[in-house]
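Given next are the chains, with one letter for each unit.
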Amino acid sequence: MPWRETLVVEERMKFVAARLAQEFPMSELCEAFGISRKTGYKWLARYERWGPAGLVDASRAPQAPARRTPA
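Presented here is an overview of the structure given in this document. Fair warning: this is a prediction, and the values are worked out from it, not measured in the lab.

1. What to know about helix 2 (residues 26–33)
For step 1, the next point in the chain: Residues of helix 2 that are buried include every one of Met26, Leu29 and Cys30, and no others. For helix 2, the arc enclosing every buried residue in end-on projection is 95°, short of the 170-degree limit, so these residues lie on one face. Away from its buried face by more than 90 degrees, helix 2 exposes Glu31 and Ala32.
For step 2, the next point in the chain: In this fold, the buried residues of helix 2 make contact with helix 1 (8–20) and helix 3 (37–50).
For step 3, the next point in the chain: Phi turns positive, to about 75°, at Gly34, one or two residues after helix 2.

See the structure below:
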């Protein structure tokens, strides 16, 4: 039996859809998806702010150089 491949964004979308449908309390839903409540609230906030595009992993690179010298 082959392994079923799932994408991270699809799993996050399933999580958000289940939460918006209010099928389960937040703590049970997070436990079922294997994430912390903090992470669950983070994905909900990103979805509310940016829609499905907010569920994609963001770059961890700094937005601005830390030690830039003046021009």
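Having seen the structure, we can now continue with the description.
2. Considerations on the packing of helix 1 against helix 3
Each packed pair of helices is defined by two parameters, the angle between the axes and the distance between the axes.
For step 1, the next point in the chain: Two elements in contact, helix 1 and helix 3, have axes whose closest approach is 10 Å; the angle formed by their N-to-C orientations is 85°. Here helix 1 lies roughly perpendicular to helix 3, going by the angle between them. Between helix 1 and helix 3, the contacting residues are Arg12, Met13, Phe15, Val16, Arg19 and Leu20 on the first element and Gly40, Trp43, Leu44 and Tyr47 on the second.
For step 2, the next point in the chain: Among the residues making up the contact of helix 1 with helix 3, the classes are represented as seven nonpolar, one polar and two charged.

3. A short note on the pattern of salt bridges
For step 1, the next point in the chain: This model, assessed by the stated rule, comprises two salt bridges.
For step 2, the next point in the chain: In this structure, Lys14 engages Glu11 in a salt bridge whose closest nitrogen and oxygen atoms are separated by 3.5 Å. Of this pair, Lys14 and Glu11 are both found in helix 1, three residues apart, which corresponds to roughly one turn of the helix.
For step 3, the next point in the chain: Since its relative accessible area comes to 40%, Lys14 is described here as partly exposed.
For step 4, the next point in the chain: In this structure, the salt-bridge partner of Arg12 is Asp57, at a minimum N-O distance of 2.9 Å. Residue Arg12 is found in helix 1, and its partner Asp57 is found in the segment after helix 3; the two are separated by 45 residues along the sequence.
For step 5, the next point in the chain: Among the residues examined, Arg12 registers a relative accessible area of 14% and is labelled buried.

Reading the values: the criteria
Every chain begins its residue count from 1, and numbering advances along the sequence as written. Owing to the predicted nature of the model, reporting of local features is limited to residues with pLDDT of at least 70; listing and counting of side-chain atom pairs is limited to 80 or more, with chain, interface and lining totals taken over all residues. Values reported for side chains reflect all heavy atoms of the structure, with hydrogen atoms and water molecules removed beforehand. Relative accessibility decides the category of a residue: with a 1.4 Å probe and only protein chains considered, values under 20% of the type maximum give buried, values over 50% give exposed, and everything between is partly exposed. Helix and strand assignments follow DSSP, with helices taken as H or I runs no shorter than four residues and strands as E runs no shorter than two, numbered in order from the N terminus. As used here, the arc is the angular range of directions from the helix axis to the C-beta atoms. Here, two residues are considered to be in contact whenever any of their heavy atoms come within 4.5 Å of each other. Throughout, an axis means a line fitted to C-alpha atoms (over the contacting stretch in the case of helices), and angles, computed between N-to-C directions, take values from 0 to 180 degrees. Each angle gets one of four labels, with under 35 degrees taken as roughly parallel, over 145 as roughly antiparallel, 65 to 115 as roughly perpendicular, and the rest as oblique. Any residue outside Ala, Val, Leu, Ile, Met, Phe, Trp, Tyr, Cys, Pro, Asp, Glu, Lys and Arg is labelled polar, Gly included; the first ten of those are nonpolar and the last four are charged. Criterion for a salt bridge: a side-chain nitrogen of Lys or Arg within 4 Å of a carboxyl oxygen of Asp or Glu.

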